[in-house]
Structures are given as C-alpha cells and as structure tokens.
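Chain residues, written in single-letter form:
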Amino acid sequence: MNQGVNMQNRVLSSEINKLVGKTVTMCGWVHSRRDHGKLVFIDLRDRKGLTQVVFIPCSNAHKLAHELRTEYVLKIEGVINKRPEKMINNKIISGKVELEAKEMVILNTSDTPPFEINKDTVNVDEETRLKYRYLDLRTERMANNIRMRHKVIQFIREYLTNKEDFIEIQTPILSKSTPEGARDYLVPSRMHAGKFFALPQSPQQYKQLLMVAGFEKYFQIAPCFRDEDARGDRSPGEFYQLDLEMSFVEQNDILELIEKLYTSLVKTLFPNHKITTSPWPRLKYDDAMKKYNCDKPDLRKDKNDKKELAFCWIIDFPLFQKQTKDDFFHGAGNKMAPSHHMFTAPKKEDVKLLDTDPLKARSYQHDLVLNGVEIGGGSIRIHDPKIQEKVFDLIGFTPKQKAQFAHLLKAFEFGVPPHGGIAPGLDRFIRLLQGEDAIKEIIAFPLTGDVRDPLMDSPTEVSQKQLDEVHIEVKFKKTK
C-alpha cells in the first residue's frame, strides 16, 4: 500500500455508519488496544471520534496487529460490518459498526506518552500538560473544547457578516505605546534606534479611526496583549476578543445587537443550555453595588448549574474614579482615573459635571456579565475633541502624554460620526459555555501562571547579535 492517503477514498468515524459492506480506508491513532490472541481489537481515533477495528487471523493486517501500541499512527483498509446487537456501543459515534481490517500500514510509531491520552488530563500537573500540549490536545475533552471554540468564532463571523452587514478588518499588531491603563509589550525597532513599537492592548484607537474612515460596521476577532500578572479569568500575555464598533448608534443599539447574537449562538450551538431571562436584565451600577455588593452579579438560581446562563448588563457606570498612587495614569494625586477607558463618553445630562463635580458624572459604559463573570465591556465613545481634551485634563495627562494621542485628536477634526462598540472576551465566554473552571482549558497553547511556555521553553535569551541589531543592551539589577 502507498503511505499517502487519497482523501476522496478516506472516511472518518462519523461517516461509516451508512457504509456497511463497503471497503474503506481509515487513518488515525491507536486510542486503545485489546489483544485476545486470535482476535485483536483497537479503537482507532481520528478527528471525529473513535471506531472499533477488529483484526482476524489470516488477514495481512492481523500479522502486524500484535505490534501495535497506543498512539501509533495507522492507515487501515477494510470492510465495514454491522456489530451484533449486544455489541453496539452508543457511547461512540460509530458504535453500530466496526471496521474489519484487511490491510494496514503503520505510518509511525510512538513513545509511551507522559500521561494517558484516553483519559481526562484535568488532574495532570500544569507543567506536564503544557510541555506536552500537543498530546493534551488529543484528549477528547480538550479536542472538543478547541473545536467548540472554532464553532463559536465561525458562528459570530457568519452572523455579523451575513445578518448584520458588518465587515471584518484586521488592525495592526505593531502599534504605538500609549498610556491606556495596562503595561505594554514593547518591540524594539531595528530601523529607528531607541524607538519601540508596542503590541496592542486592544484595537481601541484603530477601530475609532475606522469609524472616522466611514466603515460604519466593523468587527474582528482581535488578539490583545497586556504585560500583566496572571488572573484566574485571563490568560497572561494575550487574549482574544470580539472587537466591534458601529457609527450612528446609541447605547441601546449595541446592547440589542449583542443580545440577539449571543442568544442565537447559544440556541444553535448549545441547545442544552438555558438562558434564564430574556430580555437580559439591565442593572444600573449603583443599584448593582447596593444589592449585590459587586458590579458582576451571578443571577443564576442554582449557582452550581453550569448549563444555566444568566446574562445581564451593567450600565450607568461612573465616568471617573479617584486616582491612586498605584494608578497607571501618572497625573497629580488629586486627579481622576477613567472607570472604563479615556475614550468613554459621559452621559449627555452629565457633561456639565465635568466642570463642577466630575466624580459624579456617569458614562455610557456597558459591561456584559454572565454567571458572575464579566465577559465584555464597551461604551459610546467621545466624538467631540473638546470633551476628549477635557477628559485628558481631568485624568492629569501631561502635554507629552496628550501628544501621544495627537493622531486621534487630529482625525476628530475631519468629521467624526457618533460611534460606540463593545469587546466581549472570547476566552471567558467559551470557558463558561464549555463548563470549564480554568481559562487555559479552551486555549490551544496557553502560558503558565508565571508567564512561561513550557512547550517552546520561552521566554529565552537571544544572541548578542540580535540585541545589537535592535540597539539593546541588557543590564541586570543586583538583588539584595
């Protein structure tokens, strides 16, 4: 047999129930093996599931069957037979049939894996799982998590483009470092000594510039980079969000769009889940804090029911909070820090408070909460350059810090429409839908809690030549 596989002749585990009596070719990994002497059985694993394969004496394939071990990679040609009624296995997708192997090629052997792939790896230590992540992803639970992540993103793309007339636009990864509330990842420039790009904390400024450009409905599945310590609900280093912006809208338009999108998504992809309340409750920030003592309440009746989905909106946030000495915004101590971000618009009736009592001003911020977890945030943006400058002043920006946003303020001089948007985090949302406790369970290649990649063994040192090319000299602080 050729070791290449003709894709037109190859079948997957999900397809073989209707091919009884046919000769087919299947490829995959040995998931488990049972040797009964004359008869040898394996479960062959492919990307769709498991298929039982039987090797009977006198076949060419039987001669090799005793050599098989778990995770060997096989190409098998054989005949699909019905299983006896008592042998039907409804736990697997191909459980009504089995493949009687006639010919087999061992495409590759495998060392003994560091953990059992035919079992759930949730109790295997994190370092081992991430070092051998490609094996971890072979397990049924992890493979299902990644495939469902794909389906969620695919649904969002099709819904927004086909039903809501959005267009997907990619914004730059190499961007500008600006004081937006979190620590940037910096990228040194080889061509411009002593200058740096920054990886985007979010596409916030770019999507507002796209509104200026006239792209009225924009979205992308955006990577965001923040040099922060690990959190329980965010992967350190990077995370992904549905980034979305619209022109000529009010806050209600954004809320209704996301509610329709997510309700349709849940009903289509997660029909066994139940959305507790529709339309979703809208809670004012002050009311939520008084009633629940937090701004992300869990409104489920049964807090342990992972299939119960209690969405709610939190609105009418304060525009500012008091700035602390540890705040990223380096203004004077009596200045303000934005509750959301510096581009969030104050409510129309509260604009006058910017001159008198800014801490009492409310904003058009909206947070999306699901089962006690904030899964997205957004706002109506400031589109008046004078109000934007006023907010910069209240934050306490220096002239140098203001100059870092000159491109945005300049763009606002050329007819900027009213606009707003939201950026729901995909990692958190999918984690909740999949009923996982940790966000790393739905990310293909996450970092550890101390921001390392055991698989690639990164971060690592680089050569002196590489440092010289980007004009970097490394000096280590002396430890006490």
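Presented here is an overview of the structure given in this document. Computed from a prediction, not measured in an experiment: that's the story for all the values here.

## Notes on the overall build of the chain
Across its full length, the chain holds 12 helices and 19 strands. Looking at the 480 residues of the chain, the share that counts as buried comes to 48%. The long-range share in the chain, meaning contacts at least 24 apart out of those at least 6 apart in sequence, stands at 66%.

## Some words on helix H4 (residues 140-163)
Over its 24 residues, H4 runs 33 Å from end to end, which matches the ideal 34 Å to within 8%, given 1.5 Å per residue. Along H4, the residues that are buried comprise Arg141, Met142, Asn145, Met148, Arg149, Val152, Ile153, Phe155, Ile156, Tyr159 and Leu160. Backbone geometry just downstream of H4 places Asp165 in the positive-phi region, at approximately 65°.

## Remarks on the sheet that holds strand E6 (residues 167-168)
One open sheet holds the eight strands; their spatial order is E6-E9-E10-E19-E18-E17-E14-E12, and the pairing between them is mixed. Looking at strand neighbours, the two that pair on one side only are E6 and strand E12 (282-284), the edges of this open sheet. Across five bridges, strand E18 (residues 373-380) lies against strand E19 (residues 419-424) in antiparallel orientation. Counted as the bridge partner of Ile380 is Gly420 from E19. Its contacts with the sheet place H4 against E6, strand E9 (217-226) and strand E10 (237-247), and it is angled at close to 145° to E9.

## Notes on the packing of H4 against helix H11 (residues 426-433)
Relative placement of two packed helices is described by the angle separating their axes and the distance separating the axes. At a closest axis distance of 10 Å, the pairing of H4 and H11 adopts a crossing angle of 120°. Between H4 and H11, the angle falls in the class oblique. Here the hand of the crossing between H4 and H11 comes out right-handed. Mapping the contact onto sequence places Arg149, Val152, Ile153 and Ile156 in H4 and Leu426, Asp427, Ile430 and Leu433 in H11. Residue composition of the contact of H4 with H11, by class: six nonpolar, no polar and two charged.

## Observations regarding the packing of H4 against helix H6 (residues 251-269)
Relative to each other, H4 and H6 sit at 135°, their axes nearing to 10 Å. On the basis of the axis angle, H4 is oblique to H6. The hand of the H4/H6 crossing is right-handed. Contacts from Met148, Lys151, Val152, Phe155, Ile156, Tyr159 and Leu160 of H4 reach H6 at Leu257, Lys260, Leu261, Ser264, Leu265, Thr268 and Leu269. Within the contact of H4 with H6, the residues separate by chemical class into 10 nonpolar, two polar and two charged.

## Considering the nonpolar core
Grouped together as the largest cluster of nonpolar side chains are 64 residues, with contacts concentrated most on Leu160, Leu242, Ile258, Leu261, Tyr262, Phe311 and Ile375. Among the elements that line this core, the one with the most residues is H6, at eight residues. Excluding its chain neighbours within four sequence positions, the residues that come into contact with Leu242 are Ile156, Leu160, Phe219, Gln220, Ile221, Leu261, Tyr262, Ile422, Ala423, Pro424 and Leu426. Of all hydrophobic cores here, the second largest spans 21 residues; its members include Leu44, Ile76, Ile80 and Leu99.

## A short note on the sheet that holds strand E1 (residues 23-35)
If you walk around this closed barrel you meet the five strands as E1-E2-E3-E5-E4, and the pairing is mixed. Averaged over all pairs of adjacent strands, the angle between their axes in this sheet comes to 55°, without regard to strand direction. Direction of pairing for E1 relative to strand E2 (residues 40-46): antiparallel, over a ladder of six bridges. Along E2, the bridge assignment pairs Arg34 with Phe41.

## Describing the layout of surface pockets
In this structure, the largest pocket spans a volume of roughly 1,200 Å³. Taken together, 48 residues make up the lining of the largest pocket; nearest its centre are Arg226, Arg234, Ser339, His340 and Glu374. If you list the elements that add at least two residues to the lining of the largest pocket, you get helix H5 (204-212), E10, strand E16 (336-338), strand E17 (365-370), E18, E19 and H11. Ranked by the residues each element gives to the lining of the largest pocket, the list is headed by E18, at six residues. Looking at the lining of the largest pocket residue by residue, the classes come out as 17 nonpolar, 15 polar and 16 charged. Estimates place the volume of the second largest pocket at around 890 Å³. Taken together, 27 residues make up the lining of the second largest pocket; nearest its centre are Arg47, Gly49, Glu140, Ala143 and Arg147. For the lining of the second largest pocket, the secondary-structure elements that each account for two or more residues are E1, E2, strand E3 (49-55) and H4. Examining the composition of the lining of the second largest pocket, we find that nine residues originate from one element, H4, more than from any other. Here the residues of the lining of the second largest pocket are counted per class, giving nine nonpolar, six polar and 12 charged.

## As for empty space enclosed by the protein
In the structure shown here, the tally under the stated rule is one cavity of 30 Å³ or more. Of the voids in this model, the largest cavity is the one considered here, and its volume is about 60 Å³. At the level of secondary structure, the elements contributing two or more residues to the lining of the largest cavity comprise E9 and E10. Among the elements that line the lining of the largest cavity, the one with the most residues is E10, at three residues. Counted by class, the lining of the largest cavity contains four nonpolar, two polar and six charged residues.

## Some details on a positive patch on the surface
Taken together, the side chains of Arg47, Lys48, Arg147 and Lys151 present a region of like positive charge at the surface. Structurally, Lys48 can be placed in the loop between E2 and E3.

## Here we look at the packing of aromatic side chains
Overall, the coordinates contain 12 aromatic pairs when judged by the stated rule. Seen in terms of ring centroids, Tyr262 and Phe429 are 4.2 Å apart; in terms of plane orientation they differ by 5°. Their pairing is stacked. Placement of the pair is Tyr262 in helix H6 and Phe429 in helix H11, with a sequence separation of 167 residues. Judged by its relative accessible area of 0%, Phe429 falls in the buried class. With 4.2 Å between their ring centres and 10° between their planes, Trp280 and Phe311 make a pair best called stacked. Residue Trp280 is located in the loop between strand E11 (274-275) and E12, and its partner Phe311 is located in strand E14 (residues 311-315); the two are separated by 31 residues in the primary sequence. In this structure, Trp280 and Phe311 share a single accessibility class: buried. Three or more aromatic residues link up through ring pairs in this structure, and these residues are Tyr262, Trp280, Phe311, Trp313 and Phe429.

Reading the values: the criteria
- Residues numbered from 1 in each chain as written.
- Predicted model: local features only at pLDDT ≥ 70, side-chain atom pairs only at ≥ 80, totals over all residues.
- Heavy atoms only, no water.
- Helix = DSSP H or I, 4+ residues; strand = E, 2+ residues; numbered from the N terminus.
- Buried < 20%, exposed > 50% of the residue type's maximum accessible area, 1.4 Å probe, protein only.
- Contact = heavy atoms within 4.5 Å.
- Expected span 1.5 Å × (residues − 1).
- Pairing = 2+ DSSP bridges.
- Axes fitted to C-alpha atoms, helices over the stretch in contact; angles between N-to-C directions.
- Parallel < 35°, antiparallel > 145°, perpendicular 65-115°, else oblique.
- Left-handed = near helix turned anticlockwise from the far one by under 90°.
- Nonpolar A, V, L, I, M, F, W, Y, C, P; charged D, E, K, R; others polar.
- Core = buried A, V, L, I, M, F, W, Y, C linked by side-chain atoms within 4.5 Å.
- 1 Å grid on protein atoms, 1.4 Å probe; cavity = no way out; pocket = protein on both sides within 12 Å on 5 of 7 lines; lining within 4 Å.
- Points joined across faces, edges and corners; volume = space filled by probe spheres on them.
- Patch = residues over 30% accessible without salt bridge, like charges linked within 9 Å, V, L, I, M, F, W, Y side chains within 5 Å.
- Areas by Shrake-Rupley, 256 points an atom, 1.4 Å probe, with all protein chains shown as cover.
- Salt bridge = Lys/Arg side-chain N within 4 Å of Asp/Glu carboxyl O.
- Lys, Arg positive; Asp, Glu negative; His and termini not counted.
- Charge placed at Lys NZ, Arg CZ, Asp CG, Glu CD.
- Phe/Tyr/Trp six-rings, centres within 6.5 Å; stacked < 30°, edge-to-face > 60°.

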